[in-house]
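Residues per chain are reported as follows:
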Amino acid sequence: MKNVKIKIDNIDLVVPEGTTILEAAKKVNINIPHLCYHPDQAIKANCRLCVVEVAGSKKLTPACSSYVFEGMDVQTNTKKVRDMQKGILELILANHNQDCLKCLRNGNCELQALCQRFNISKTNLEDTVEALPLDNTNPSLVRDSAKCVKCNRCVEVCQKGQQVHVLTHSHRSVHYNIAPAYEAPLEETFCVFCGQCSAVCPVGAIVEKDDTQKVWDAIHDPKKHVIVQVAPAVRVALGDEFNLPKGSIVTGKMVAALRRLGFDKIFDTNFTADLTILEEGNELIKRVTEGGVLPMITSCSPGWINFIEGRYDHLLDHLSTCKSPQQMFGALSKSYYAEKMGIDPKNIYTVSVMPCTAKKYEAQRPEMVTNGVQEVDAVLTTRELARMIQSAGIDFAGLEEDQFDNPFGIGTGAGQIFGATGGVMEAALRTVYEVLTGKGLPSLNFTEVRGLKGIKDATIKINGMDVKVAVAHGLGNAKPLLKQIEKGESPYHFIEVMACPGGCIGGGGQPIKSTMDVKGKRIEAIYKIDEDLPLRKSHKNPDVEKLYEEYLGEPLGHKSHELLHTHYHSRGMKYDFSELNK
Amino acid sequence: MSKTVSFITENFGKYDPNSIDSYLSIGGFTATKKALAMSSGEIIDIAKKASVRGRGGAAYDTGRKWAQAAAVPGDDKVVICNADEGEPCTFKDRNILSKDPFRLLEGMIIAGYTVGAKNGYIYLREEYRHLRPLIKSAIQQSVDKGYLGDNILGSGFSFHIHLYSGAGAYVCGEGSTLIESIEGKSGRPRIKPPFIKECGLFQLPTLVNNVETLAIATAILQNGVEEYLKYGTPQCPGTKIISLAGNVKNPGAYEIPFGLTLREIIYDIGGGIPDGRELKIFQLGGASGRTGSAALLDTPYTYDDLHKYNLVVGSGGILVVDDRTRVIDFIKSIQDFFIHESCGKCTPCREGNRQIAKIIDRFVAGTQRPDDLETALRFANIMKNCAFCGLGETAQSSLLSAVEHFPEEFGKTEVASK
C-alpha cells in the first residue's frame with residue numbers, strides 16, 4: 001500500500017494510505033478525543049468530539065472518519081478545535097445523568113476522563129435529562145438511558161458483531177434513543193445477555209447487574225458456608241483491573257485475594273471443565289457411533305444457549321445436553337460436596353466468578369436446581385470481583401500466590417483452554433482421540449482451531465474415520481454454520497460455539513477496554529498456562545477420576561444424567577412473518 | 001408579471017400531464033431522442049456549458065457531477081431523482097411533478113444515459129402522495145411507448161424508472177439519507193466515504209439530482225444550450241424556479257431569470273406586502289437558509305451576489321415576513337421545525353437544538369438571561385461546524401443571520417461581527 005506524508009500538529013509523519021487522522025495521530029502520541037470511535041468497530045462519526053482542523057478546509061473535519069491524503073496538514077489543538085470539542089462535551093454532559101459517584105463506571109468512564117481533560121467545571125447549559133425508564137429487570141444487565149451518550153457502540157456490537165439485533169436506535173431528534181424495539185425490557189427481547197454492549201459502552205449506560213453486595217452479605221453470614229469457583233478466562237484478565245500488563249497470569253494472586261475476601265473454599269472451574277469434556281466427549285462418541293443427531297454443538301456458553309433457544313429453536317437437538325462447567329460445579333457443590341463435607345446444601349452458598357454476564361442469567365434458570373436449591377447462588381463478573389478486591393483494600397499486585405482448594409482444585413490444561421475460542425474443541429479432541437483409539441496423541445496442540453479467525457475448521461482422523469469439526473466465536477459467526485445445518489449440508493460432527501468474540505477471554509464481564517489486541521494477549525496467556533501444566537488432558541485429571549469412582553459412576557451414567565445434564569427449550573418468541581412473505 | 005420567464009416551465013398548461021400523446025403532440029421526447037444520438041461526453045459538455053447548479057439546495061455544478069458519475073467504473077449505476085422537496089416554503093418541484101411529469105422522466109433518462117445507469121428512482125415526498133398515480137401513469141405510458149424500459153427507441157440503451165415514497169422526514173432530502181430510506185432503513189445520513197457516487201443505493205454508483213435540475217437538462221437539450229444562456233446575467237446565466245410565499249399578495253412558484261433583484265421578485269412579481277404592511281424579514285432557501293432585512297432588497301438574485309451578503313439560493317424558496325411578526329417568534333417557528341426534524345444521530349444537532357430551543361423559548365417569553373444569546377450563538381456555531389450532515393450544519397442559519405441583521409431584537413446594541 002502507498003504511503004502518504006502528512007503533518008499533525010507540525011509533526012511530520014508517513015502513514016499508509018487509508019489511515020484515518022485519528023489513527024495517524026495515535027502514532028505520534030496524540031490522542032484525539034472521541035466517544036463513538038472504537039478500534040474494533042466500524043466508523044460511526046456521530047459523537048463529533050474528534051473534530052480537527054485540516055488546512056484548506058473551512059469546516060472542521062471529523063478525525064475518526066477522515067482519511068489522510070498526501071500533504072495533509074492537521075491541527076488538533078487550536079483554539080477553534082478545543083472550543084468546539086469542549087462545547088460538544090458540554091452538550092453531552094447536559095443530557096447525561098451525572099451521578100458519577102454512584103456509577104459503576106466511576107473512574108473508568110470515557111466521558112468522565114474527557115471532562116477532566118477539558119476541565120469542564122461549569123457550563124451555561126441547563127442540565128435536563130430526558131430518559132427512558134431504567135431497564136434492570138433481568139439478572140444480567142442494567143441499562144440506564146439517562147447516561148446514554150448515543151454513541152451507538154452497543155448497537156454496532158449487537159447488530160454487526162453478535163448479530164443479535166436487539167439494541168437499535170429509535171425515534172429522532174431529542175427523542176432519539178438507543179433501546180430494543182418498542183423499548184421493551186431486555187428479557188422480553190431476543191437479548192442473549194452476552195454483555196458485549198456493556199463491554200464497549202464508554203459510560204455507565206449499560207453495565208453488569210452488580211451482585212457484589214449479595215456476595216458480601218453471604219460472606220458475612222455466619223450460617224453460610226461460602227464457596228467460590230473461578231472460570232479459566234478470569235485469571236488472564238483480572239490483572240487489567242490492577243494495572244498489570246495485559247495478558248498477565250494472576251491465578252495465585254487471585255486465589256489469595258479470594259481467600260482474604262473471606263470465602264471458605266476456593267475452587268477452580270477448570271475442574272468442571274474437565275468433567276464437561278468427559279461427559280461431552282462421551283456424548284459425542286455415542287452420537288457418532290450410535291447414530292445420534294449430528295453435528296453436536298457445545299453448550300457451555302450461556303449467551304450461545306440463549307441465542308439458539310431464541311432464534312434457532314428448531315435446532316435444539318443439536319446441542320450437547322451437558323450443563324456448562326459453571327452449572328456442573330454448582331450441581332456438585334449442592335450434592336457431592338455437601339455430602340462429603342456433611343453440610344446441608346441449603347447452607348452452602350456457591351459463588352462463581354465468570355468473564356460473563358450471561359452466566360448470571362444461566363444461574364437463575366429454573367432447571368438449574370439440585371437437591372431443591374439453586375446450584376449457583378451468585379455470579380460475579382471479573383469486573384465485580386475486581387471491585388470487591390478494591391473495596392476490601394487489598395493491594396492485589398503485592399499478594400503472595402495461593403492455591404485452589406480440594407476437592408475441586410485440580411484443573412488440567414484442557415480445562416484451562418476453555419477460556420479461549422477453540423479451547424473446548426481442542427480439549428474434547430485430546431480426550432475423544434485417546435478414548436477411541438486407546439493411543440496417545442502425537443501432538444496435543446490442535447492449532448487449526450486456535451486463533452481469532454471467525455470460523456475455523458479441521459478434520460482429524462480417528463480410527464480411520466474423518467472427524468470434521470468447526471469452531472465459531474461471536475454469535476454472528478455461528479449463523480453460517482447454523483444455516484448449513486438447516487439446509488442439511490453441514491459436513492461437521494462437532495461444532496464449538498462461544499457467544500463472545502475470542503471466546504470467554506473476550507466475555508462481556510471482562511475488564512473494560514478488552515480490544516482485539518488485548519484478547520490476543522489473553523489467548524497467549526491461556527495457552528501458556530496449558531503448556532506449563534503437567535496435566536493437559538481432561539481424562540487424566542485424578543480428581544475427576546476419583547469423582548467418578550466415588551460418586552458419579554461413569555460418564556453419561558444415571559447420576560451424571562441427573563446432575564450434569566439438562567434440556568433446552570424454545571424461548572417461544574418467534575415473530576410470525578408469514579404474512580409478509582406472501 | 002412580465003418579469004417571469006418560461007423556459008423550464010414552458011410546457012406548464014400546454015398539455016395534459018395524464019397523457020403521453022398530449023405530451024408528444026407538443027414535441028415531447030425530442031430531448032431524449034437528441035440525447036440518444038449523442039455521446040455521453042457531448043451531453044456532459046453541454047451540461048458544463050450551461051453551468052446549471054444543483055437546484056436541491058447544495059448548488060453543485062451539474063455538469064461536473066455528471067462527469068464524475070460517468071467516470072465511476074461500473075455498468076450497473078443508479079440515478080435518483082430527489083423529489084423529497086421538504087424545505088419549508090418550497091414547492092417548485094411539486095409544480096414540475098404535477099404539470100410536466102414527462103419532462104422530468106426525460107431528464108432522468110438523459111441523466112441515466114449520460115452516466116451509464118440502468119435504473120432510476122424517483123423519491124417522492126410522502127406529502128405528495130396525491131401525485132403518485134400521475135407519475136406512475138407517466139412512467140407506464142412511457143414504457144408502453146418505448147421511451148422507457150429495454151432498448152429505448154432502438155438505441156440499445158435500457159433504463160427503468162421506479163417510484164418510491166418517503167415517510168415524511170425532512171432529513172431524507174439529504175442524498176445519503178434518502179438512499180437509506182429507499183433501502184428501508186431509518187432516515188439517518190450515512191457516513192462518507194464511501195461517497196454515494198461510488199457506493200450509493202444498494203451499494204451501486206449513484207447520481208442524485210433534484211427534480212428541477214433534471215427538468216432543466218431536458219429543456220436545455222430540447223431547446224439548445226444557447227437558448228438557456230440568453231437568460232440571466234453573464235456570471236449567472238439561466239433561469240430558476242422560485243417558490244415565493246409568506247406575506248406577499250401573489251404567492252406562488254415562478255420561473256425567473258437570474259439577476260432580478262429581491263425587490264423585483266417580492267414587489268413586482270409577488271405584488272408586495274398585503275394589508276399595507278412593511279417587509280420585516282425575508283428568508284431565502286427554506287428553513288435551512290439565511291434571513292435578511294429590507295436593507296438587502298436590492299441585491300440581485302444570483303449565486304454570487306447573494307453570497308456577498310451571506311445569503312443563499314438554496315432550494316429557491318423566498319419567504320416574506322411582514323412587521324406583524326417579531327423576529328424571535330419567526331426564529332422560534334424555525335427552531336420548532338428543526339427540533340422536530342433532526343434525526344438525532346449526531347451530538348451537535350441533537351443536543352445543540354435541544355439547548356438552543358430552550359434559550360429561544362426564554363427570548364420569546366422575555367425571560368432570557370444575560371448570557372443566553374452568547375450561549376446560543378456559541379452552540380449554533382458548533383452545530384454549523386461540527387454536525388454530521390447538512391441539516392445540522394444549517395439548522396441555525398436563520399438564528400445566526402437574524403442576530404446579524406436584527407441585533408436589537410436580541411437585545412444587542414452593536415452589530416454582531418460575522
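Residues numbered from 1 in each chain as written. Chains lettered and ligands numbered in written order. Predicted model: local features only at pLDDT ≥ 70, side-chain atom pairs only at ≥ 80, totals over all residues.

Looking at this structure, I do not really get the overall build of chain B. What am I missing?
A tally of helices and strands in chain B yields 17 helices and nine strands. Oriented by its inertia axes, the alpha-carbon framework of chain B measures out at about 70 × 45 × 35 Å. Evaluated residue by residue, chain B yields a buried proportion of 56% over its 418 residues. For chain B, long-range pairs separated by at least 24 residues make up 71% of all intrachain contacts whose partners lie at least 6 apart in sequence. (Helix = DSSP H or I, 4+ residues; strand = E, 2+ residues; numbered from the N terminus. Buried ≥ 20, exposed ≤ 12 C-beta atoms within 10 Å, placed from the backbone. Contact = placed C-beta atoms within 7 Å.)

Teacher, can you tell me more about the overall build of chain A here?
Counting secondary structure elements, chain A contains 20 helices and 19 strands. Relative to the compact-globule value of 25 Å for 582 residues, chain A shows a C-alpha radius of gyration of 25 Å, a close match. Taken over the C-alpha atoms alone, chain A extends approximately 75 × 55 × 55 Å along its principal axes. Counting all 582 residues of chain A, 52% fall into the buried class. (Rg over C-alpha atoms; globule rule 2.2 N^0.38 Å.)

Sorry if this is basic, but what is going on with the nonpolar core here?
As a rule of thumb, soluble globular proteins bury nonpolar side chains together. Grouped together as the largest cluster of nonpolar side chains are 290 residues, with contacts concentrated most on Val52 and Cys154 of chain A together with Ile80 and Ile265 of chain B. No other element matches the nine residues that helix α6 (residues 101-115) of chain B contributes to this core. Setting aside anything within four residues of it in sequence, one finds Val52 of chain A in contact with Ile21, Ile32, Leu60, Thr61, Ala63, Val74, Gln75, Thr76 and Val81 of chain A. (Core = buried A, V, L, I, M, F, W, Y, C linked by C-beta atoms within 7 Å.)

Looking at this structure, I do not really get the interface of chain B and chain A. What am I missing?
A common way to state how big an interface is: give the accessible area lost once the parts meet. At the junction of the two partners, chain B supplies 26 residues and chain A supplies 25 residues. The set of elements that each furnish at least two residues to the side of chain B that touches chain A consists of α13 (327-341), α14 (347-365) and α15 (372-386) of chain B. In terms of residue count, α14 of chain B provides more of the side of chain B that touches chain A than any other element does, nine residues in total. Looking at the side of chain B that touches chain A residue by residue, the class counts come to nine nonpolar, nine polar and eight charged. (Nonpolar A, V, L, I, M, F, W, Y, C, P; charged D, E, K, R; others polar.)

What should I look at first to understand the domain arrangement of chain B in this one?
All names here are of chain B. Split by domain assignment, chain B resolves into domain 1 (20-229), domain 2 (239-322) and domain 3 (327-410). Residue-level contacts link eleven residues of domain 2 with 13 residues of domain 3. Looking at the side of domain 2 that touches domain 3, the elements that each hand over two or more residues are β7 (279-284) and β8 (290-293). Ranked by residue count, the leading element in the side of domain 2 that touches domain 3 is β8, at four residues. (Domains from an automatic or database assignment.)

What should I look at first to understand the domain arrangement of chain A in this one?
Segmentation of chain A into domains returns domain 1 (3-77), domain 2 (93-208) and domain 3 (212-564). Each of domain 1 of chain A and domain 3 of chain A has a C-alpha centre, and the two are 42 Å apart.

Got a minute to help me understand the sheet that holds strand β1 (residues 77-83) of chain B in this structure?
By definition, the strands of a sheet pair up through backbone hydrogen bonds, in either a parallel or an antiparallel sense. Residue and element names in this part refer to chain B. Across the sheet, four strands lie side by side as β3-β2-β1-β4; this open sheet has parallel pairing. Lying at the two open borders of the sheet, with one neighbouring strand each, are β3 (160-165) and β4 (206-210). The sheet shows a mean angle of 20° between the axes of neighbouring strands, taken without regard to direction. Packing of α6 onto the sheet brings it into contact with β1, β2 (117-124), β3 and β4, and relative to β1 it is tilted by some 150°. (Pairing = 2+ DSSP bridges. Axes fitted to C-alpha atoms, helices over the stretch in contact; angles between N-to-C directions.)

I tried to follow the sheet that holds strand β11 (residues 265-268) of chain A on my own but got confused; where do I start?
Residues and elements named next belong to chain A. Pairing is parallel in the open sheet, where four strands are placed in the order β11-β10-β13-β16. Only two strands of the sheet have a single neighbouring strand rather than two, namely β11 and β16 (378-381). Ignoring which end each strand starts from, the neighbouring axes of this sheet average 25° apart. Here four bridges tie strand β10 (residues 225-230) to β11, and the two strands are oriented parallel to one another. When the sheet's bridge partners are listed, Val228 is paired in β11 with Ile266.

Would you mind going over the packing of α14 of chain B against α15 of chain B with me for this structure?
Packed helix pairs are specified by the crossing angle of their axes together with the interaxial distance, meaning the distance between the axes. Residue and element names in this part refer to chain B. Where α14 meets α15, the axes come as close as 9 Å, and the angle between the chain directions of the two elements is 155°. Classified by the angle their axes make, α14 and α15 are roughly antiparallel. Between α14 and α15 the crossing geometry is left-handed. For the pair α14 and α15, the contacting residues are Pro348, Cys349, Gly352, Gln355, Ile356, Ile359 and Arg362 in the first and Asp372, Thr375, Ala376, Phe379, Ala380, Ile382, Met383 and Cys386 in the second. (Parallel < 35°, antiparallel > 145°, perpendicular 65-115°, else oblique. Left-handed = near helix turned anticlockwise from the far one by under 90°.)

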